[in-house]
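# Per-entry structural report
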Amino acid sequence: DNKPLHYFLEEAAARYKEKKALYFQGKELTYAELLMQAKKFANYLQGLGVVKGDRVAIMLPNSPQSVISYYGSLMAGAIVVQTNPLYTERELEYQLNDSGAKVIVCLDILVPRVTNVKKDTSLEHMIVTGIKDYLPFPKNLIYPFIQKKQYNIVVKVEESSDTHSWTSLMDKAKAEYQAIEVDPVEDIALLQYTGGTTGFPKGVMLTHRNLVSNALACNAWIYKMKHGEETILGVLPFFHVYGMTAVMNISVLTGSRMVLLPKFDAGEVLKTIHKLKPTIFPGAPTIYIGILNHPDLNKYDLSSIEACISGSAPLPVEVQEKFEKVTGGKLVEGYGLTESSPVTHANLIYGNRVSGSIGLPWPDTDAKIVRAETFEEVEIGEVGELAVKGPQVMKGYWNKPEDTESVMKDGWLLTGDLGYMDKDGYFFIVDRKKDMIIAGGYNIYPREVEEVLYEHEAIQETVVAGVPDPYRGETVKAYVVLKEGSAVTEEELNKFCRERLAAYKVPRIYEFRKELPKTAVGKILRRQLIDEEKKKIK
Ligand code: ATP
């Protein structure tokens, strides 16, 4: 791991030249083409005056352009700032200002949003790509990335000294660039903003070595990958650290073909698996749940799937078992966070695994459970805060030294997650420190209650949260999405929980919904639901 991250692409292009690197909406690019276009992108950026350490924001859904601009920016010596295409103007302005990005690459339909905030940021250049470009985005898949009121806007992008179209960039640029010396240990490759499920996003500084080591470990640990022969399903967004490492960087490292989907849609995923036969499918629990509940599930052949890793939230055991039965492949749970590039733990795909556990620490990674106040290690089986140390742990938060100090102790990262280790060294996450509910003086872990609810046959999806309560401080509320055609009453659910949980843990309020708000990787936004409750009180 002593090379810069973009070395993965140079290596892959040298080794796998004409092998397919990516598939998108019926078009394919080879590794040689991918490298050539990334070089052109780097050349163009350098022509715009981008120098080592400048920030380049990428605001794109998964697409050839998102991969090309990511590697191309790194080649030019820039720091990539991944920007969620769903960001509102307020969020976008915050991120552009916080990172100080000089260039942004965005979809043409996002231009109005970028233009509105541009004057209040340090942005100098906008590179625009999208629907009309050489690899067209299908409208129905792109629209979720823009707000409804913008659907009918036709964006005519006039090129100017600060607005550049992707096609003319590719026409004008040369496939050569000024190689920049990179210190993989010190130099930042990426500012990855935390998901924001628990507060204002912070820019996590990840170095070349952080990202390279995590991809290498992922390859060594989880997958028995046949280099140059795998197809990886890219439905996790690359603007999030999980998809970026577990799909994009892993694919390029191993010379795999990645199949890109710009958003999650269960029907679209089923069709894609049937047609393109991916072997590896990194995902998140809500993604696997969505697929298992699709009415046409049985019409598709999913037998190409060999290995899946689920991260970002706890994987219900029933989902794991059912998904393995349906596909015949393996699905294991892993764990990570933005601050650690992201993976720190996982179960083995081919080997021992413990259901309900996040597995063992990753290669080169140390992990322990500590008392948050004293940082002392707790006894085996005792619940405390999970701390991790390893080559994937961030350099710190961008421009926020106090925040960095509050989570880093002697090279150890405090994850903010509560968990325990069993006698065999397997780790279990109990819940997030911040999500723990304190109701009438009792500590309640939402996850424990959710797991009970998931056992109920009518429930498709659920999230449990502590909502404000005048008497108990907080009270336990369950949000429930029922499976299609199922019905259950509040009383029945209450009885079901009472039989399985101590009385103080049983939800006092149930709310039935058609769907739950989620982040880009499908994590349920518990915080948003709690905020809604708080607003109701005000
Ligand atoms: P923010 O950090 O702003 O709150 P976020 O939660 O989306 O946003 P991420 O870094 O994407 O930030 O998520 C990391 C968190 O996801 C972990 O700290 C943990 O709480 C949770 N997580 C990840 N994998 C698992 C898992 N297998 N089981 C339980 N929780 C998990």
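Residues numbered from 1 in each chain as written. Predicted model: local features only at pLDDT ≥ 70, side-chain atom pairs only at ≥ 80, totals over all residues. Heavy atoms only, no water.

With that out of the way, let us pick up the pairing of strand 9 (residues 203-207). The element strand 9 is extensively covered by neighbouring structure, given that five of its five residues are classed as buried. Where burial is concerned, the two faces of strand 9 agree: the one with Gly-203, Met-205 and Thr-207 and the one with Val-204 and Leu-206 are both buried. Here strand 8 (residues 188-193) pairs with strand 9 via five bridges, running antiparallel. When the sheet's bridge partners are listed, Tyr-193 is paired in strand 9 with Gly-203. (Buried < 20%, exposed > 50% of the residue type's maximum accessible area, 1.4 Å probe, protein only. Helix = DSSP H or I, 4+ residues; strand = E, 2+ residues; numbered from the N terminus. Pairing = 2+ DSSP bridges.)

Relative to the elements of secondary structure, Asp-98 occurs in helix 4 (residues 89-99). Here the side chain of Asp-98 touches Lys-400 through a polar contact of 3.3 Å, side chain to side chain. The residues touching Asp-98, leaving out its near neighbours within four places in the chain, are Tyr-193, Gly-203, Trp-398, Asn-399 and Lys-400. (Polar contact = N/O pair within 3.5 Å; in protein donor to acceptor, adjacent residues only side chain to side chain. Contact = heavy atoms within 4.5 Å.)

On to helix 12 (residues 317-327), then. Taken together, the buried positions of helix 12 are Val-319, Gln-320, Phe-323, Glu-324 and Thr-327. For helix 12, the buried positions fall inside an angular range of 125° around the axis, keeping them on one side. In helix 12, the exposed residues that point more than 90 degrees away from the buried face are Glu-321 and Lys-325. Its buried side turned inward, helix 12 meets helix 11 (285-292), strand 12 (307-310) and strand 13 (330-336). Once helix 12 ends, the next one or two residues include Gly-328, with phi positive near 80°. (Arc of directions from axis to C-beta.)

Taken as a whole and assessed by the stated rule, the structure comprises nine aromatic pairs. Within the aromatic cluster, the residues linked to one another by ring pairs are Phe-281, Tyr-288 and Phe-323. Its end group placed over the ring of Trp-412, Lys-368 keeps NZ or CZ at 4.3 Å from the ring centre. In this structure, Arg-500 packs its charged tip against the face of Phe-496, placed 3.6 Å from the ring centre. (Phe/Tyr/Trp six-rings, centres within 6.5 Å; stacked < 30°, edge-to-face > 60°. Lys NZ or Arg CZ within 6 Å of the ring centre and 35° of its normal.)

This next bit is on the nonpolar core. Tyr-70 and Phe-281 are the most contacted members of the largest nonpolar core, which has 140 residues in total. When near neighbours in sequence (up to four residues on either side) are disregarded, Phe-281 contacts Leu-233, Val-235, Val-269, Ile-273, Ile-287, Tyr-288, Ile-291, Ile-305, Ala-307, Cys-308, Ile-309 and Phe-323. One finds Ala-439, Val-480, Cys-497 and Val-506 within the second-largest nonpolar core, a separate group that totals 19 residues. (Core = buried A, V, L, I, M, F, W, Y, C linked by side-chain atoms within 4.5 Å.)

Of the consecutive residues Ser-341 and Pro-342, the connecting peptide bond is found in the cis state with omega at 0°. On the secondary structure map, Pro-342 appears in the loop between strand 13 and strand 14 (343-346). Positive phi is not limited to glycine here, since Asn-399 has a value of about 60°. Looking at where Asn-399 falls in the secondary structure, it is placed in the loop between strand 18 (396-397) and helix 13 (401-407). Overall, the relative accessible area of 58% leaves Asn-399 in the exposed class.

Glancing now at the sheet that holds strand 14. Strand order in the open sheet formed by four strands is 12-13-14-15, with mixed pairing between adjacent strands. Edge strands, defined here as strands with exactly one partner in the open sheet, are strand 12 and strand 15 (360-361). By the bridge criterion, three bridges tie strand 13 to strand 14 in an arrangement that is antiparallel. Counterpart to Gly-336 in the pairing with strand 14 is Val-343. Here helix 12 sits on the sheet in contact with strand 12 and strand 13, set at roughly 140° to strand 13. (Axes fitted to C-alpha atoms, helices over the stretch in contact; angles between N-to-C directions.)

For the pair helix 1 (residues 7-16) and helix 2 (residues 31-47), interaxial distance at closest approach is 8 Å and the crossing angle is 145°. The handedness of the crossing between helix 1 and helix 2 is left-handed. Contact residues: Leu-9, Glu-10, Ala-12, Ala-13 and Tyr-16 in helix 1; Tyr-31, Ala-32, Leu-34, Leu-35 and Ala-38 in helix 2. In terms of residue class, the contact of helix 1 with helix 2 is built from nine nonpolar, no polar and one charged. (Left-handed = near helix turned anticlockwise from the far one by under 90°. Nonpolar A, V, L, I, M, F, W, Y, C, P; charged D, E, K, R; others polar.)

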